[in-house]
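Per-entry structural report
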Amino acid sequence: MRKWVMGTAALLAAVAVVMCALPHLAAAQDSSSANQSLSDLVDSDLQPVNSTKALKTSEQSVVRVLVVYRGYGGVPLDTVGMGSGFVVAPGYIVTNYHVVEVPPEASSADIYIVPHKDSGATYQPVQLVKKWVEGDLALLAAPGLKVPPLKLYLTPYKNERVVTMGYPDVTDHLLNRSGTALLEPADAYVTQGSIALFASTNPDGSRVETLFHTAPINHGNSGGPLLNECGQVVGVNTWTAPSSVSTAGNLDVSAGQYVATHVSALNSFLSSASVTPTVVTTPCYAKSEDEIVKDDALSRVLAAAAEAQVQRLAEQKKAEADRAAMEIWQLGAMIVLSVLVLILIGLIIRREIRHRTEIHNKEPLAPTAFDEPARPEKVKPPKPEKAKAEWVPHDRVKLPGIKHPIPWGWIALALIIIVAVVGFLIKEREIDSRLSKPKVAAPVATAAIQHMSCDVDKSMSANPLPDAGHIEFDFDLVHACVNGRTPYERQADGNLLRFTTGDANPVAARMELTADGALFTRYDYRIDPAQYKTFVAQKAALGSLRCSANADAGALAALGENLARIRTLSQSYLTMAPETKTVWRCKAS
């Protein structure tokens, strides 16, 4: 009996050890998704080009063009033509036709190119292979020139930042560079501006696609490239606005009026000469090296924040899975323990019955609960003596004790243990909430959701949106949520704030909603296209922002942190005055 009880106790102890180890077994879960880097979340096309390096590389493809004029008999003239050009294909250079055009006083001309000093090439003679007088373009062949060609971007846009490169005469004069010194490779002169206007005719009146820009050029820049920030050709510099004398005798100098032949016209000219340049169709998204260094610091902060958020969500899901697994295992353990306790009690009862049966067999006269009650035998009393007569009543006869063979005490103990185990396991667990009476939802959350109807207040709207009109939305004050999905950030004064961006246009908006939902204000800002792309990329790194009345505390905390990050980002981009301000007055309906 003692050995059997000790073995059963050991079995129960082993079950208890397994129950203690279950949480550690359930904690083993793959969390590789939490290590997803920010670079996997951002489209590679949104990564900016280092414009500092790109333009430095493109500069090596810009050449100086020198034209030595010869008179009749081949005698060199004193006048030398100068301009700029650039490599468009292996062994081919483009410049303006007026740079290499032979003037009336000369009979012929020798054309030379002087490459950039960092290209590793020296000056060499070239040949004119094709000209386009109306478009003022010329194609030069430079066999053996080992300079990489520039790429063409055929769809430049207005306000795009551009760079001019070339060898203007005024720079050579200021550096006292003349004669044979012009044959020495040198740096190109670089200026910056933006595209101001597109036109279908050039200043000569010819129907040639043309663009106006604000990057300064001078004589000698003719034929040089107009580049975007990625170092891609968007035009060929050709004209500057001439100075003129007014009727009052004053000299009028036109500032900021510079003209280039559009890159599409250049591409058509090259196709007609059977020259195939490299054409780029992806829009240029570039930043200077300084801007990239500054943004890298912010990107690292955003990456760390995004990874921390992913880690928190993974840990939260892991904890929920652990709790669910633990409940399942504990319920299983409860059943096992209950069965073991019943088996134990059953074995004890069986043992007790056998033990009492053995005792009864050894004492056959011993009564049991199954025997009929013993009746006292009638003893014939002796003849009474008159002096000593005595009678003993039958109800005072003492019988041996009766011991019942079924131990009801052990059975009651088993039931008490089972009830205690079940109550301990389901207390404060999910099964308890399912078995208990469902709780009624707090009425405040339902009352906080109101349907708002809003109309534009023109007296408070400074330059409102053209299409602004009546709007309606559902306003959840408790969760700062509009239409059940759009989250707002709650400010210290109770008002709500949200920043968003346009789908196509480089426009960002700041939206404010008063705490009671009675006043809705929207400010629209137009930002630089490059900054807009950066802003959109940084917002995308934070993931989708959605609110829900059923979100748990962890999700709400993560959403609040992301909204705060977007507010910080927005304040760094929305630095100018807003283009529009629209105010709606709202009423609950």
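Details of the structure are given in the entry above.
This text gives an overview of the structure that appears in the document. (Residues numbered from 1 in each chain as written. Predicted model: local features only at pLDDT ≥ 70, side-chain atom pairs only at ≥ 80, totals over all residues. Heavy atoms only, no water.)

1. What about the side chain of His116?
You can see His116 is positioned in the loop between strand 5 (108-114) and strand 6 (124-132). The class of His116 is buried, set by a relative accessible area of 1%. Side chain to side chain, His116 and Glu59 meet in a polar contact 3.0 Å long. (Helix = DSSP H or I, 4+ residues; strand = E, 2+ residues; numbered from the N terminus. Buried < 20%, exposed > 50% of the residue type's maximum accessible area, 1.4 Å probe, protein only. Polar contact = N/O pair within 3.5 Å; in protein donor to acceptor, adjacent residues only side chain to side chain.)

2. Section: the sheet that holds strand 27 (residues 580-588)
Backbone hydrogen bonds are what pair the strands of a sheet, in a parallel or an antiparallel way. Read from one edge to the other, the open sheet built from nine strands follows the order 22-21-20-19-27-26-25-24-23, with strand pairing classed as antiparallel. Each end of this open sheet is capped by a strand with a single partner; those strands are strand 22 (486-487) and strand 23 (489-490). In terms of strand pairing, strand 19 (residues 449-456) meets strand 20 (residues 471-476) through six bridges, oriented antiparallel. Across the sheet, the residue bridging to Cys454 is Ile471, located in strand 20. The sheet contacts of helix 10 (residues 529-540) involve strand 24 (496-501) and strand 25 (507-513), and relative to strand 24 the element is tilted by about 120°. Strand contacts of helix 11 (residues 553-573): strand 22, strand 23 and strand 24, with the helix running at about 65° to strand 24, the strand carrying the most contacts. (Pairing = 2+ DSSP bridges. Contact = heavy atoms within 4.5 Å. Axes fitted to C-alpha atoms, helices over the stretch in contact; angles between N-to-C directions.)

3. Some thoughts on the sheet that holds strand 2 (residues 62-70)
The strand order 2-3-4-7-6-5 describes a closed barrel built from six strands, whose pairing is antiparallel. This sheet shows a mean twist of 40° between the axes of neighbouring strands, independent of strand direction. Sheet topology places strand 5 next to strand 6; three bridges connect them, and they run antiparallel. Across the sheet, Tyr112 pairs through a bridge with Pro125, a residue of strand 6.

4. Re the state of the cysteines
Following the criterion strictly, the structure yields three disulfides and no others. Paired by a disulfide, Cys454 and Cys586 hold their sulfur atoms 2.0 Å apart. Linking Cys454 and Cys586, the disulfide has an S-S dihedral of approximately 110° and is accordingly described as right-handed. Remark: Cys586 occurs in strand 27 and Cys454 occurs in strand 19; sequence separation between them is 132 residues. Summarising the burial analysis for this pair, Cys454 and Cys586 share the class buried. In this model, Cys481 is linked to Cys547 through a disulfide, with the two sulfur atoms separated by 1.9 Å. Between Cys481 and Cys547 the disulfide shows an S-S torsion of about 65°. By sign, it is right-handed. Taken as a pair, Cys481 in strand 21 (residues 481-482) and Cys547 in the loop between helix 10 and helix 11 lie far apart in primary sequence, 66 residues in all. Grouping residues by exposure puts Cys481 and Cys547 together as buried. (Disulfide = S-S within 2.5 Å.)

5. Quick look at a nonpolar patch on the surface
A grouping of Ile335, Val339, Ile343 and Leu347 is seen on the molecular surface, where their side chains present a nonpolar patch of about 330 Å² in accessible area. Mapped onto the fold, Leu347 is located in helix 6 (residues 289-362). (Patch = residues over 30% accessible without salt bridge, like charges linked within 9 Å, V, L, I, M, F, W, Y side chains within 5 Å. Areas by Shrake-Rupley, 256 points an atom, 1.4 Å probe, with all protein chains shown as cover. Salt bridge = Lys/Arg side-chain N within 4 Å of Asp/Glu carboxyl O.)

6. With respect to the environment of Ile348
Residue placement: Ile348 occurs in helix 6. Separated by 63 residues in sequence, Ile348 and Ile411 place their C-alpha atoms 9.7 Å apart.

7. Here we look at the packing of aromatic side chains
Counted according to the given criterion, the structure contains five aromatic pairs. Three or more aromatic residues link up through ring pairs in this structure, and these residues are Phe473, Phe520 and Trp584. (Phe/Tyr/Trp six-rings, centres within 6.5 Å; stacked < 30°, edge-to-face > 60°.)

8. Re the nonpolar core
Judged by nonpolar contacts, the single largest core of 22 residues is most densely connected at Phe86, Val94, Leu139, Val233, Leu266 and Leu270. Counting residues per element, the ones that place at least two in this core are strand 3 (76-89), strand 7 (137-141), strand 9 (161-166), strand 13 (233-240) and helix 5 (263-272). Considering each element in turn, this core owes the most residues, four residues, to helix 5. Ignoring sequence-local partners within four residues, the contact set of Leu270 consists of Val88, Val94, Leu139, Leu152, Val275 and Pro277. (Core = buried A, V, L, I, M, F, W, Y, C linked by side-chain atoms within 4.5 Å.)

9. Some points on helix 5
Those residues of helix 5 not exposed but buried are Val263, Ala265, Leu266, Asn267, Phe269 and Leu270. Directly beyond the C-terminal end of helix 5, a positive phi value near 60° is found at Ser274.

10. What to know about the pattern of salt bridges
Summed over the entire model, instances satisfying the criterion amount to 13 salt bridges. Salt-bridge contacts for Lys117 lead to Asp187; the nearest nitrogen and oxygen are separated by 3.4 Å. In this pair, Lys117 is assigned in the loop between strand 5 and strand 6 and Asp187 in the loop between helix 4 (169-174) and strand 10 (189-199), connecting sequence segments 70 residues apart. In this structure, Asp172 and Arg177 form a salt bridge, with 3.6 Å as the shortest nitrogen-oxygen distance. For the pair formed by Asp172 and Arg177, the shared burial category is buried. Among the ionic contacts, a cluster of salt bridges with common partners joins Arg64, Asp172 and Arg177.

11. A word on the pairing of strand 13
Taking burial as the measure, the eight residues of strand 13 include seven buried ones, the bulk of the element. Here strand 12 (residues 225-228) pairs with strand 13 via three bridges, running antiparallel. Paired with Leu227 across the two strands is Val233, which belongs to strand 13. Following strand 12, the chain reverses through four residues before pairing antiparallel with strand 13; Gly231 in that reversal takes a positive phi of roughly 80°. Bridge count between strand 13 and strand 16 (residues 258-262): five bridges; the pairing is antiparallel. Considered in strand 16, the bridge of Trp239 is made with Val259.

12. Considerations on helix 11
Here helix 11 contains 21 residues, and its C-alpha end-to-end distance of 31 Å stays within 8% of the 30 Å for a straight helix at 1.5 Å per residue. Taken together, the buried positions of helix 11 are Ala558, Leu559, Asn562, Leu563, Arg565, Ile566, Leu569, Ser570 and Tyr573. For helix 11, the angular spread of the buried residues around the axis is 160°, confining them to a single face. (Expected span 1.5 Å × (residues − 1). Arc of directions from axis to C-beta.)

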